[in-house]
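Examination of the molecular architecture
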4 protein chains.
Amino acid sequence: MAESIRLAVAGVGNNISALFQGAELYRKMSAEGVAEADFPGIKRPRIGGIGVSDLTFVAAFDLHPNKVGVPFKDAVLAEPNNYPLLGVELPDPGFSVDAGLTEEDADPSSPAFRRIVERLRESKAEVLLYSLPTGLQWAAIAYARAALEAKVAFVNCTPELVARTPELLEEFEKAGVPLIGDDLASHLGTSVVHRALLGLLSERGLSLASSYQLNLGGNEDFRNLRERGASKRQSKINALAQEGVDTSNVEVIPSAGYVAHLKDHKVAMLNIEGLGWAGTPVSIDLKLKVQDSSNAAGVIIDLIRIAAAARRVGFGGFSAAAVKVLKSPAGGHPSYTSEDVAEAYRQLDAVTEAMAEK
Amino acid sequence: MAESIRLAVAGVGNNISALFQGAELYRKMSAEGVAEADFPGIKRPRIGGIGVSDLTFVAAFDLHPNKVGVPFKDAVLAEPNNYPLLGVELPDPGFSVDAGLTEEDADPSSPAFRRIVERLRESKAEVLLYSLPTGLQWAAIAYARAALEAKVAFVNCTPELVARTPELLEEFEKAGVPLIGDDLASHLGTSVVHRALLGLLSERGLSLASSYQLNLGGNEDFRNLRERGASKRQSKINALAQEGVDTSNVEVIPSAGYVAHLKDHKVAMLNIEGLGWAGTPVSIDLKLKVQDSSNAAGVIIDLIRIAAAARRVGFGGFSAAAVKVLKSPAGGHPSYTSEDVAEAYRQLDAVTEAMAEK
Amino acid sequence: MAESIRLAVAGVGNNISALFQGAELYRKMSAEGVAEADFPGIKRPRIGGIGVSDLTFVAAFDLHPNKVGVPFKDAVLAEPNNYPLLGVELPDPGFSVDAGLTEEDADPSSPAFRRIVERLRESKAEVLLYSLPTGLQWAAIAYARAALEAKVAFVNCTPELVARTPELLEEFEKAGVPLIGDDLASHLGTSVVHRALLGLLSERGLSLASSYQLNLGGNEDFRNLRERGASKRQSKINALAQEGVDTSNVEVIPSAGYVAHLKDHKVAMLNIEGLGWAGTPVSIDLKLKVQDSSNAAGVIIDLIRIAAAARRVGFGGFSAAAVKVLKSPAGGHPSYTSEDVAEAYRQLDAVTEAMAEK
Amino acid sequence: MAESIRLAVAGVGNNISALFQGAELYRKMSAEGVAEADFPGIKRPRIGGIGVSDLTFVAAFDLHPNKVGVPFKDAVLAEPNNYPLLGVELPDPGFSVDAGLTEEDADPSSPAFRRIVERLRESKAEVLLYSLPTGLQWAAIAYARAALEAKVAFVNCTPELVARTPELLEEFEKAGVPLIGDDLASHLGTSVVHRALLGLLSERGLSLASSYQLNLGGNEDFRNLRERGASKRQSKINALAQEGVDTSNVEVIPSAGYVAHLKDHKVAMLNIEGLGWAGTPVSIDLKLKVQDSSNAAGVIIDLIRIAAAARRVGFGGFSAAAVKVLKSPAGGHPSYTSEDVAEAYRQLDAVTEAMAEK
């Protein structure tokens with residue numbers, strides 16, 4: 001059995017609540033005799049020998065007044081977080097949330113930055129998980145640099161450019177520190193479902209007449225999205241493009257609205273109108289409902305295990321194992337085959353096992 | 001430009017109405033200047049050089065009193081057929097529907113059987129399309145044998161065992177007569193959509209909790225299905241089985257009911273309940289509405305072009321080109337790779353082109 | 001505070017499980033400080049002074065081997081019952097389920113019948129709730145006669161003719177024993193939703209083109225319904241008829257299928273296609289999901305309180321208070337105005353209060 | 001048979017296209033032998049003797065460059081209008097669209113205002129239908145004053161305050177000129193469906209847990225709504241309020257997004273989560289699809305017939321006949337009973353008939 005990952009987090013939002021509570025829930029299931037292979041929602045019970053409950057939170061950074069200075073255990077459940085309580089007893093990792101970086105102290109020489117590096121070092125963190133709200137490019141880079149300096153693996157959940165910055169990636173490679181990113185692909189996101197159905201239509205030879213997708217939710221992401229919808233819209237339409245699919249009549253509404261009572265649930269509606277033989281119509285209407293932050297945590301659990309395993313065996317830079325759970329992997333999707341991914345997993349497992357035997 | 005396929009049909013139901021009307025509709029589109037590549041609902045404008053309007057109906061067999069002895073053009077629109085009128089002027093192929101075989105005269109020596117063989121010969125049919133109601137195993141075999149004797153390619157749209165009968169397949173091969181079957185896979189059927197979504201869930205690592213699928217329609221298939229639902233149910237559940245998908249909590253209702261006013265439309269409802277990270281729920285509800293017989297005709301148009309092209313170039317027996325549009329191809333799906341299919345198409349096209357140049 | 005109703009039940013199915021568990025759940029809510037007026041799903045916290053938790057089960061009759069001779073508390077949860085466990089501690093009423101009547105001993109002189117009468121008497125039951133599976137006309141009459149003889153109020157939840165039998169009703173009236181029936185109207189049933197939408201279309205002046213309704217479930221009702229669908233279908237179509245609504249293009253499928261994993265959930269799908277100005281189309285698609293037996297229990301709680309209150313104040317025969325929660329009240333719906341219903345409630349309350357003050 | 005209404009319109013948008021095309025479509029149906037009583041989407045074939053095709057357009061005012069100076073027949077179909085072509089031959093009323101009022105010339109003394117009054121007079125218009133985009137309070141008042149001066153009945157389709165302005169209403173009354181408004185209630189709008197379902201839940205005694213409604217479309221209204229959503233949102237939530245319905249957990253999104261390819265279709269999605277017996281959940285999901293401008297025209301046809309009939313018989317001011325097809329009738333909904341409405345219709349019909357007999 002592998003040692004727990006020592007995890008630091010930048011951002012203590014719903015994703016972290018889902019991760020923290022979920023890890024405990026699986027631990028409880030295990031104690032009740034449920035085999036790892038039967039864990040719901042888990043594709044890989046072990047990565048590099050690390051199980052889904054093998055997490056120890058050791059440091060956290062945030063700026064929200066409800067969280068800074070508050071014991072981590074409580075900060076995770078503080079508003080505006082609204083991920084549901086899973087009804088499992090939560091451990092107290094014994095530390096409080098530190099004030100995070102502001103844009104003014106993004107420079108590596110600032111006292112705040114030095115404090116972050118120091119905190120990562122003294123907490124013996126193995127991985128720093130970056131999941132602040134989307135749009136803070138300076139923050140993503142600053143935390144990545146702090147992690148690099150502290151020789152802590154870095155995982156970027158957001159669309160900010162980090163692992164896709166060749167110079168930075170090279171620095172991580174040289175230092176033997178893993179850098180995993182960018183932008184997690186949801187466990188079962190609207191895009192992946194929409195894309196699959198549009199692809200199916202094309203593969204079967206039907207013509208796409210029109211399609212729309214809209215998303216609703218009640219967490220902070222949805223409140224924010226209503227504002228910066230335009231860029232997100234185009235990026236989501238791009239995600240649907242594929243051979244045989246003309247997206248000119250496809251509309252995507254990233255946030256059709258903020259519905260407070262949905263809390264951390266996301267609801268998506270899809271409509272696809274197609275034309276079959278003799279131009280006769282085909283229509284598909286779909287409603288998808290997910291727990292938004294579980295949708296992230298189900299993928300984060302793989303990203304941080306890849307990062308920790310890679311660091312333990314000394315692989316710096318990006319790992320191809322992460323490709324399928326990222327929207328924009330370092331180097332871009334076309335750089336990797338399915339075989340590359342499988343091989344990366346095999347290596348992580350093999351070296352880990354070799355080390356375990358020693 | 002290839003010559004039209006001389007087509008004989010056993011069964012003059014909605015599928016034939018869709019095929020006959022649709023071919024004219026595309027002819028009209030073409031006359032109005034629409035390029036083949038822009039035809040709605042058509043994946044392959046040409047197979048072996050044959051376009052989707054290159055059809056000449058030359059003979060038809062049926063037993064329904066509204067159809068026997070009636071000019072083909074009228075029989076195609078006679079009740080209980082209820083495929084919509086596409087608003088295109090239909091040509092008169094100039095023949096009437098012949099009485100089909102009854103179970104008593106299934107023997108090759110019967111006068112009725114001799115009449116069928118003779119009719120196929122004198123009509124110079126290239127392909128006999130078999131699309132009688134499901135469940136008449138004796139009829140499928142009898143018509144196949146008549147086609148073989150008349151050296152007419154045979155296409156089996158139904159689940160009856162024909163191309164999967166090794167002895168019969170061998171006879172067709174030896175005689176250089178194509179035998180394409182069994183059981184067409186709908187252009188965009190409920191199974192293929194349901195299977196894709198269940199597969200996606202599994203691929204992304206979510207657990208399937210439960211699922212159901214139900215189908216409604218207003219044509220004769222649905223009236224009949226209500227009765228023989230049990231076998232169809234199991235076959236449809238089997239169609240969903242795939243790696244990572246446990247179908248023990250999956251229910252399929254092939255005919256949830258006959259709704260007369262739906263006529264030839266089919267409506268399917270799918271529900272999928274899954275479990276993501278920490279066992280939090282994911283749900284998908286989908287409604288699919290299609291023109292049922294267009295869903296068949298969109299695939300039949302490929303099967304008969306494959307059959308005619310194969311016959312023209314002298315390929316007997318099964319053609320791998322048909323694999324992706326059949327539910328139960330001769331030899332079974334695992335016998336063919338995607339490359340086999342592509343290669344089969346290439347050969348049909350190449351030989352056809354070579355012949356055209358001569 | 002009124003005394004608890006002493007309740008006997010014929011049939012120990014999901015409805016009784018819902019009633020028994022629900023009454024305890026509300027008792028628990030009350031203990032936790034929730035005011036009656038805030039109880040979820042309760043329109044009338046008091047009827048004749050009786051609250052929704054004021055139930056004491058005193059006798060039960062059934063024929064299922066999993067239930068006869070079994071302590072009531074366990075029988076309520078025995079298969080094939082599959083109403084969910086509400087997570088509330090259940091009291092033990094201290095009696096076991098008695099064998100019910102079979103068709104052979106329906107005669108009042110049979111030893112079995114005598115045993116039922118005797119059991120009702122010695123248990124001091126106030127109300128006998130009849131909720132055996134639909135279709136046992138003989139059983140409904142036999143239990144009603146046993147109740148009459150024991151001077152116990154009778155409530156008929158099923159479509160069997162009991163309160164609509166004028167002679168029987170007269171006997172109850174003469175004896176001063178309440179007789180409440182027939183056929184409970186679900187708390188929020190498919191018919192009431194479908195009817196409301198069709199009525200709205202008509203009221204607004206749109207034309208109905210076509211409509212269908214289908215129902216799915218996983219309890220014993222759905223397993224049985226698949227068989228006797230035809231009569232149920234017509235009765236459900238009748239329930240939709242109203243001024244301005246032509247049901248000739250309306251199809252109802254009472255059981256589109258038995259989906260075991262739905263257990264006691266019922267899922268209904270409605271489609272309505274209408275025509276507005278200039279014949280342009282309007283369409284409505286609706287999915288309704290309910291807990292089937294809660295849908296019954298939410299109405300049973302009113303029926304038995306009406307019956308008990310009427311008996312306590314000496315009102316024999318039918319009570320107009322029950323009209324809105326019955327599909328086929330004694331005398332028929334047109335015999336009662338909304339004012340009749342309100343007045344009946346007022347009387348039950350007034351006499352009860354008068355008695356309480358004494 | 002009554003004479004055609006001489007109709008002037010302020011605003012030549014989709015609603016006018018629907019009205020103009022629809023009137024011709026019904027005329028064609030009539031010519032083909034369809035009885036008025038069988039016209040789809042028409043509740044009252046005659047109001048004051050006036051049929052749904054009895055319309056003669058005589059003047060139109062607009063500011064859009066694609067419309068001003070253009071023959072009415074063409075302006076009705078000019079972009080951004082995107083109501084579908086109904087495939088009926090349209091008459092040419094023989095006039096072009098006049099430039100409408102701008103805010104600068106809203107004063108009755110301005111030359112532009114004088115021109116409008118003059119145009120109304122010389123065209124012998126009986127009714128001026130006001131259906132400019134929502135939000136132009138000054139324009140609604142200015143056109144109403146022009147109508148009053150020209151003694152032309154005024155119908156206000158928009159939420160602007162006109163008929164609810166007591167002073168203005170009094171002036172119309174004194175002058176014997178009808179004033180019908182404000183704000184048409186859609187033929188089958190999202191609010192009326194949502195309200196009916198929430199009311200049903202309450203009436204049946206279930207508790208509302210939460211609900212949301214969202215609307216999508218592709219016409220100019222939806223493009224505009226995305227901007228001024230907040231006030232519309234509150235007004236739509238207000239429209240759902242009723243006895244027993246707590247709207248604190250109800251969210252309405254008037255424009256979840258502008259989906260160009262929907263054109264003049266409106267799609268609404270509703271979700272209602274309720275609690276039944278024992279707090280067990282009930283859920284309703286509904287999709288409504290309508291032709292947005294038909295939804296308006298189906299009501300406008302009644303408003304203008306009421307206005308014209310009232311003018312013909314000399315009734316000035318508001319007519320109670322219009323109450324049920326307006327969101328904010330003069331005096332407010334509570335001022336009128338259903339009997340008032342019926343009586344107003346009776347009077348319009350009676351006086352009309354009396355006049356016809358003379």
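Residues numbered from 1 in each chain as written. Chains lettered and ligands numbered in written order. Predicted model: local features only at pLDDT ≥ 70, side-chain atom pairs only at ≥ 80, totals over all residues. Heavy atoms only, no water.

Our working rule: UniProt positions are given in the numbering used here, feature names are shortened, and annotations may be inferred rather than shown by experiment.
If you check an unreviewed UniProt entry, chain A appears there as Five-membered-cyclitol-phosphate synthase from Streptomyces citricolor. According to the UniProt record, the Sequence similarities (unreviewed entry) comment for chain A is "Belongs to the myo-inositol 1-phosphate synthase family."

1. As for the overall build of chain A
Put simply, the test is: Counting from the N terminus, the helices are DSSP H or I runs at least four residues long and the strands are E runs at least two residues long. Only C-alpha atoms enter the radius of gyration; for comparison, a globular chain is expected to reach 2.2 Å times N to the power 0.38, where N is the number of residues. When accessible area is computed with a 1.4 Å probe and restricted to protein chains, residues below 20% of their type maximum are described as buried, those above 50% as exposed, and intermediate ones as partly exposed. Computed with a 1.4 Å probe, the accessible areas rest on the Shrake-Rupley method; for each residue, only the protein chains presented here act as cover.
In terms of helices and strands, chain A carries 10 helices and 10 strands. Its C-alpha atoms give chain A a radius of gyration of 21 Å, within 12% of the compact-globule value 21 Å for 358 residues. Each of the three principal axes of chain A carries a C-alpha extent, and together these read 70 × 50 × 45 Å. Counting across all 358 residues of chain A, residues that qualify as buried make up 57%. In the structure as shown, chain A presents an accessible area of about 13,500 Å², 51% of it carried by carbon and sulfur atoms.

2. So, the interface of chain D and chain C
What counts, and what does not: Note on definitions: a residue-residue contact is assigned when non-hydrogen atoms from the two residues lie within 4.5 Å. Throughout, the accessible surface (probe 1.4 Å) given up by two parts as they are put together, summed over both, is called the buried area. Salt bridges are identified by distance alone: a Lys or Arg side-chain nitrogen within 4 Å of an Asp or Glu carboxyl oxygen. In protein, a polar contact requires one atom able to donate a hydrogen and another able to accept it; more generally it is a pair of N or O atoms within 3.5 Å, and residues adjacent in sequence count only if both atoms are side-chain atoms. Amino acids are sorted into nonpolar (Ala, Val, Leu, Ile, Met, Phe, Trp, Tyr, Cys and Pro), charged (Asp, Glu, Lys and Arg) and polar (every other residue, Gly among them). What makes two strands pair is DSSP finding at least two bridges between them.
On the side of chain C, 52 residues touch chain D, which itself brings 52 residues to the contact. Note on chain D versus chain C: buried area summed over both sides is about 3,900 Å², and carbon and sulfur give 64% of it. When the buried surface of chain D facing chain C is broken down by residue, D:L188, D:R204 and D:W277 rank first, second and third, together holding 23% of it. The tally of links from chain D across to chain C stands at zero salt bridges. The tally of links between chain D and chain C comes to 24 residue pairs in polar contact (both at pLDDT 80 or more). Elements with a contribution of two residues or more to the side of chain D that touches chain C: helix 1 (14-31), helix 6 (190-204), strand 10 (281-291) and helix 9 (292-313) of chain D. By residue number, the principal contributor to the side of chain D that touches chain C is strand 10 of chain D, which donates 11 residues. Here the residues of the side of chain D that touches chain C sort into 31 nonpolar, 14 polar and seven charged. Where strand 10 (residues 281-291) of chain C lies against strand 10 of chain D, seven bridges are found, and the strand directions are antiparallel.

3. A closer look at the UniProt feature "binding site: NAD(+)" (unreviewed entry) in chain A
Residue and element names in this part refer to chain A. Following the UniProt record, one finds the feature "binding site: NAD(+)" (unreviewed entry) at V12, N14, N15, D62, K67, L101, L132, T134, Y143, S186, D221 and D292. Spatial dispersion of the annotated residues is evident: they stretch over 281 residues in sequence, and the largest pairwise C-alpha distance comes to 26.7 Å. Given a relative accessible area of 35%, T134 falls into the partly exposed group. Summarising the element assignment, D221 is placed in helix 7 (residues 220-225). A relative accessible area of 45% means that D221 is categorised as partly exposed.

4. Overview of unusual backbone geometry
Trans peptide bonds make up most of the peptide bonds, and negative phi angles are found at most residues other than glycine. C:P80 follows C:E79 through a cis peptide bond whose omega is 5°. Residue placement: C:P80 occurs in the loop between helix 2 (72-75) and strand 3 (98-99). With omega at 5°, the peptide bond leading from D:G181 into D:D182 counts as cis. Inspection of the secondary structure assignment puts D:D182 in the loop between strand 6 (179-180) and helix 6. Phi is positive for A:K263, close to 50°, though the residue is something other than glycine. Topologically, A:K263 is positioned in the loop between strand 8 (250-258) and strand 9 (265-275).

5. A closer look at empty space enclosed by the protein
Applicable threshold: Buried and open spaces are told apart on a 1 Å grid over the protein atoms alone, a cavity being a set of points where a 1.4 Å probe fits but cannot get out and a pocket being an open set with protein on both sides within 12 Å along at least five of seven lines. Residues with an atom within 4 Å of a point are the lining residues. Grid points are joined across faces, edges and corners, and a volume is the space filled by probe spheres set on the points.
Inspection of every chain in the model, using the stated rule, returns six cavities of 30 Å³ or more. Computed from the structure, the largest cavity encloses a volume of approximately 430 Å³. Every residue lining the largest cavity is counted, 20 residues in all, and those nearest its centre are A:D285, B:D285, C:D285, C:K287 and D:D285. When residues of the lining of the largest cavity are traced back to their parent elements, those giving at least two are strand 9 and strand 10 (281-291) of chain A, strand 9 (265-275) and strand 10 (281-291) of chain B, strand 9 (265-275) and strand 10 of chain C together with strand 9 (265-275) and strand 10 of chain D. By residue class, the composition of the lining of the largest cavity is 12 nonpolar, no polar and eight charged.

6. Things to note about helix 1 (residues 14-31) of chain C
Residue and element names in this part refer to chain C. The line we're drawing: How far a helix is expected to stretch is found by multiplying one less than its residue total by 1.5 Å.
Taking 1.5 Å per residue as the helical rise, helix 1 with its 18 residues ought to reach 26 Å, and the 25 Å between its terminal C-alpha atoms agrees with that figure. For helix 1, the tally of buried residues reaches 13 of 18 residues, placing the bulk of the element in the interior. Count one or two residues on from helix 1 and you reach G33, which has phi positive near 95°.

7. Thoughts on the interface of chain B and chain A
Frequently, the measure chosen for interface size is the accessible area that the parts lose on association. Contact residues are listed per partner, giving 52 residues for chain B and 52 residues for chain A. Of the roughly 3,900 Å² buried at the junction of chain B and chain A (both faces included), carbon and sulfur atoms supply 63%. Area buried by chain B at its contact with chain A is led by B:L188, B:R204 and B:W277, which between them contribute 23% of it. For the pair chain B and chain A, the interface holds zero salt bridges. Connecting chain B to chain A are 24 residue pairs in polar contact (both at pLDDT 80 or more). Partitioned by chemical class, the residues of the side of chain B that touches chain A number 31 nonpolar, 14 polar and seven charged.

8. Considerations on the sheet that holds strand 2 (residues 55-62) of chain A
Residues and elements named next belong to chain A. Condition: For every element, the axis is a line fit to its C-alpha atoms; helices are fit only across the contacting stretch, and the angle between N-to-C directions ranges from 0 to 180 degrees.
In spatial order, the strands read 3-2-1-4-5-6; together these six strands make up an open sheet with parallel pairing. Single-partner strands in this sheet number two, and they are strand 3 (98-99) and strand 6 (179-180). Of the strand pairs in this sheet, strand 5 (residues 153-156) and strand 6 are connected by two bridges, and their pairing is parallel. If you follow F154 over to strand 6, its bridge partner there is L179. Contacts from helix 1 (residues 14-31) reach strand 1 (5-10), strand 2 and strand 4 (127-130) within the one sheet, and its direction differs from that of strand 2 by about 165°.

9. Considering helix 9 (residues 292-313) of chain C
Note on helix geometry: an α-helix contains 3.6 residues per turn, so any two residues three or four positions apart are oriented the same way. Residues and elements named next belong to chain C. Across its 22 residues, helix 9 extends 33 Å between first and last C-alpha, which sits within 8% of the 32 Å expected from 1.5 Å per residue. Of all 22 residues making up helix 9, 20 are buried, and the element is well covered by its neighbours. Two residues or fewer after helix 9 comes G314, characterised by a positive phi angle close to 85°.

10. Things to note about the relation of the copies chain B and chain A
Mapping one chain copy onto the other needs a rotation about an axis and a shift along that axis. To be explicit about the condition: When the copies are superposed, the least-squares fit draws on C-alpha atoms of residues that have pLDDT of at least 70 in both.
Here chain B sits on chain A after a turn of 180° about the axis and a move of 0.1 Å along it, with an RMSD of 0.1 Å. This pairing of chains is accounted for by a two-fold axis. Proximity to the rotation axis, assessed at the C-alpha, singles out B:L286 in chain B; its C-alpha lies 2.1 Å from the axis. Interface overlap between copies: 100% of the residues of chain B at the interface are likewise at the interface in chain A, consistent with a symmetric, same-surface contact.

11. A few points about the packing of helix 1 of chain C against helix 9 of chain C
Residues and elements named next belong to chain C. Heads up, the condition is: Oblique is the label for every angle not falling under 35 degrees (roughly parallel), over 145 degrees (roughly antiparallel), or within 65 to 115 degrees (roughly perpendicular). It is the rotation of the near helix from the far one that decides the hand of a crossing: anticlockwise by less than a right angle makes it left-handed, clockwise makes it right-handed.
The contact between helix 1 and helix 9 brings their axes to 8 Å, and the two run at 65°. Relative to helix 9, the element helix 1 is oriented roughly perpendicular. Handedness of the helix 1/helix 9 crossing: right-handed. In this structure, helix 1 uses N14, N15, A18 and L19 to contact helix 9, whose residues at the interface are S293, S294, A296, A297, I300, I301 and I304. For the contact of helix 1 with helix 9, a count of residues per class yields seven nonpolar, four polar and no charged.

12. Notes on the packing of aromatic side chains
Defined as follows: Aromatic pairs are defined between Phe, Tyr and Trp rings, using the six-membered ring for Trp, whenever the two ring centres lie within 6.5 Å; interplanar angles under 30 degrees are classed as stacked, those over 60 as edge-to-face, and all others as tilted. Two thresholds decide whether a charge sits over a ring: the Lys NZ or Arg CZ must be within 6 Å of the ring centre and within 35 degrees of the ring normal.
Applying the stated rule across the entire model yields 40 aromatic pairs over all chains. Arranged with centres 5.1 Å apart and planes meeting at 25°, the rings of C:F72 and C:F95 form a pair that is stacked. With a gap of 23 residues between them, C:F72 in helix 2 and C:F95 in the loop between helix 2 and strand 3 connect regions that are remote in the sequence. A single burial state applies to C:F72 and to C:F95, both of which are buried. Taking the centre distance of 5.2 Å and the plane angle of 85° together, the rings of D:F20 and D:F57 count as edge-to-face. Residue D:F20 is found in helix 1, and its partner D:F57 is found in strand 2 (residues 55-62); the two are separated by 37 residues along the sequence. Here D:F20 and D:F57 have matching classes, each one buried. Among the aromatic residues, ring-to-ring pairing joins A:F20, A:F57, A:F72 and A:F95 into one connected group. Against the face of B:Y345 rests B:R44, its NZ or CZ located 3.5 Å from the ring centre.

13. Here's the deal with the domain arrangement of chain A
Residue and element names in this part refer to chain A. Note the following rule: Domain delimitation follows an automatic or database domain assignment.
Taken as a whole, chain A is organised into domain 1 (5-185 + 294-357) and domain 2 (190-291). Inter-centroid distance (C-alpha atoms) of domain 1 to domain 2 is 29 Å. The interface is formed by eight residues belonging to domain 1 together with eight residues belonging to domain 2. Note on domain 1 versus domain 2: buried area summed over both sides is about 730 Å², and carbon and sulfur give 47% of it. Where domain 1 meets domain 2, there are zero salt bridges. At the surface where domain 1 touches domain 2, the tally comes to four residue pairs in polar contact (both at pLDDT 80 or more).

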